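Notes for the structure review
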Amino acid sequence: MAIIHIRELPDPILRQKAKRVRNIDGSIRRLITDMIETMHAAPGVGLAAPQVGVPLRVIVIGMPEDDDIAIINPQIIRRNGERLVNEGCLSIPGYVGQIKRAESVRAKGRDQNGKEIRIKADELLAQALEHEIDHLNGVLYIDHLESQDKLRKIEPEETQF
Ligand SMILES: [Zn+2]
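Notes on the structure follow. (Residues numbered from 1 in each chain as written. Predicted model: local features only at pLDDT ≥ 70, side-chain atom pairs only at ≥ 80, totals over all residues. Heavy atoms only, no water.)

The next thing to look at is helix α2 (residues 123-136). Compared with the 20 Å implied by 1.5 Å per residue over 14 residues, the 21 Å span of α2 between its first and last C-alpha is a close match. Within α2, 12 of the 14 residues are buried, leaving the element largely enclosed by the surrounding structure. Within α2, burial applies to L125, A126, Q127, A128, L129, E130, H131, E132, I133, D134, H135 and L136. (Helix = DSSP H or I, 4+ residues; strand = E, 2+ residues; numbered from the N terminus. Expected span 1.5 Å × (residues − 1). Buried < 20%, exposed > 50% of the residue type's maximum accessible area, 1.4 Å probe, protein only.)

Structure representation (structure tokens):
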């Protein structure tokens, strides 16, 4: 296991579209283990592989008081509603911005054994799924800001992804 350096803007990997995982093998499982360890060592509840320098479609999410989730080739298949949230990103340290996210989402993908998983999520988990899947498409939360004055300095207890 290893803690991996988290890439920050303006690292160009954060703007690349990540590639689909074709074979879920030992190297992918090792990547997931390292991403989970890195996420827990950082003040974040989610991490996408491009944030640790790997341009593949893999995300991990660690909700407080829930088991960690790893999803390979994740996709949002449905979004419902809209709400305003404050969002921060481990790759854009020091800031949070107010943006719109879905109230709830449905997502699917594969687990580390290749089995299909489907997730119905709302609140923080829905926000994390949208945030991390955005990372796989080279999209950052600052792209969703209506204006720059919706961005401010982060408070210590605020959530980052
Ligand atoms: Zn992020």
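Picking up where we left off.
Right, let's get into the sheet that holds strand β5 (residues 95-101). The three strands are arranged β4-β5-β8 in an open sheet whose pairing can be described as antiparallel. Taken across any chain shown, the strands that pair with only one partner, and hence form the sheet edges, are β4 (83-87) and β8 (151-153). Between one strand axis and the next, the sheet turns by 30 degrees as a mean value, whatever way the strands run. Judged from the three bridges that link them, β5 and β8 form a sheet pairing that is antiparallel. (Pairing = 2+ DSSP bridges. Axes fitted to C-alpha atoms, helices over the stretch in contact; angles between N-to-C directions.)

Before going further, it helps to examine the coordination of the zinc ion. On the protein side, the zinc ion has C89 (SG), H131 (NE2), H135 (NE2) and F161 (O) as donor atoms, found 2.0 to 2.4 Å from it. Classification of the site at the zinc ion as irregular follows from its four donor atoms and the range of 92 to 143 degrees in their angles at the metal. Within one chain, the residues donating to the zinc ion are spaced in sequence as C-x41-H-x3-H-x25-F. Placement of C89 in the loop between β4 and β5 and of H131 in helix α2 is noted, with a sequence separation of 42 residues between them. On the basis of relative accessible area, C89 is assigned to the buried category, the value being 0%. H131 sits in the buried class, given a relative accessible area of 2%. (Donors = N, O, S within 2.8 Å, 3.2 Å for Na, K, Ca; no water. Tetrahedral: all angles 85-135°; square planar, octahedral: opposite > 155°, others 65-115°.)

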